[in-house]
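Observations on the model geometry
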Amino acid sequence: MKVISTTKAPAAIGPYSQAIKVGNLVYTSGQIPIDPATGCFVEGGIKEQTRQSLTNVKAILEEVGLTMGNVVKTMVFMADMNDFADMNAVYAEFFSEPYPARSAVAVKTLPKGALVEIEVVAEVA
């Protein structure tokens, strides 16, 4: 097991790692839309928050030489399922075929009042 950490994504705000590599898989922790440069949420709504969350995921993967093309599974947590179409439009900017498997669920609340949180599992080729 190897801990993965980068300053290009928000630092962990609790007792967890940004990501863990086990065998040929990398598991990221859920990424909320915090800009690592400011430590604050990005301004805007679900589209901007989705873009930042996925940018954070991308930065973590890049730390170990991976791309979004290595992602095999995503888990998307949203505060409001009515935001699905807008989240999905931005999500599509980050992935190409073959698309990873995905779960998308609405939850009661997310850390710090985020509108979205995204975690992934990626394969090391």
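The shown structure was predicted, so the numbers you read here are calculated from the model rather than taken from an experiment.

This part covers helix 1 (residues 46-62). Under the 1.5 Å per step criterion, the end-to-end length of helix 1 is 24 Å for 17 residues, consistent within 8% with the ideal 24 Å. Every buried residue belonging to helix 1 is among Ile46, Gln49, Thr50, Gln52, Ser53, Leu54, Asn56, Val57, Ala59, Ile60 and Leu61, and all of these are buried.

Before going further, it helps to examine the sheet that holds strand 8 (residues 116-123). Here 6 strands make up an open sheet; going across it, the order is 1-2-3-8-6-7 and the pairing mixed. Two strands bound the open sheet, and with one partner strand each, they are strand 1 (2-4) and strand 7 (101-106). Strand after strand, the sheet turns through a mean of 15° between neighbouring axes, direction not considered. Two strands pair when backbone bridges link them, and strand 2 (residues 19-22) and strand 3 (residues 25-28) are joined in this way by 4 bridges, in the antiparallel orientation. Paired with isoleucine 20 across the strands is tyrosine 27, a residue of strand 3. Together, strand 1, strand 2, strand 3, strand 6 (71-78) and strand 8 form the strand contacts of helix 1, whose direction differs from that of strand 8 by roughly 30°.

Our focus in this paragraph is helix 2 (residues 84-94). Those residues of helix 2 lying buried are Met87, Val90, Tyr91 and Phe94. Around the axis of helix 2, the buried residues are gathered within 105° of arc, so they sit on the same side. Exposed residues on helix 2 whose side chains face more than 90 degrees from its buried face are Ala85 and Glu93. In this structure, the buried residues of helix 2 make contact with helix 1, strand 6 and strand 7.

Within the largest apolar cluster, 24 residues are counted, with the highest numbers of intra-cluster contacts made by Val26, Leu54, Leu61, Met68, Val71, Val76 and Phe95. Looking at this core, the elements with two or more residues in it are helix 1, strand 6, helix 2 and strand 8. With 6 residues, helix 1 is the largest single contributor of residues to this core. If sequence neighbours within four positions are ignored, phenylalanine 95 has contacts with Leu54, Met68, Val71, Thr74 and Pro100.

Turning our eyes to something else, we now look at the pattern of salt bridges. Within the structure shown, the criterion is met by 1 salt bridge. As a salt-bridge pair, glutamate 93 and arginine 51 come within 3.1 Å of each other at their nearest N and O atoms. Of the two residues, glutamate 93 is situated in helix 2 and arginine 51 in helix 1; the sequence distance between them amounts to 42 residues.

Here is what the cut-offs are and how they apply
- Counting restarts for each chain, with residues numbered from 1 along the sequence as it is written.
- Reporting in this predicted model follows two pLDDT cut-offs: at least 70 for local features of residues, and 80 or more for side-chain atom pairs to be given and counted; totals over whole chains, interfaces and linings ignore these cut-offs and use all residues.
- Calculation of side-chain values draws on the structure's entire complement of heavy atoms; hydrogens and water are dropped beforehand.
- Every helix listed is a DSSP run of H or I at least four residues long, and every strand listed is a run of E at least two residues long, numbered separately from the N terminus.
- Multiplying one less than the number of residues by 1.5 Å gives the expected span of a helix.
- The cut-offs for exposure are 20% and 50% of the maximum accessible area for each residue type, with area from a 1.4 Å probe on protein chains only; residues under the lower value are buried, those over the upper are exposed, and the others partly exposed.
- Think of it this way: DSSP has to see at least two bridges between two strands before they count as a pair.
- The axes used here are C-alpha line fits, helices contributing only the stretch in contact, and every angle between their N-to-C directions lies in the interval 0 to 180 degrees.
- In what follows, residue pairs with any heavy atoms lying within 4.5 Å of each other are defined as contacts.
- By arc we mean the arc of the directions from the helix axis to the C-beta atoms, nothing more.
- Only buried residues count toward a nonpolar core. Its members are Ala, Val, Leu, Ile, Met, Phe, Trp, Tyr and Cys residues joined through side-chain atoms within 4.5 Å.
- When a carboxyl oxygen of Asp or Glu lies within 4 Å of a side-chain nitrogen of Lys or Arg, that pair is called a salt bridge.

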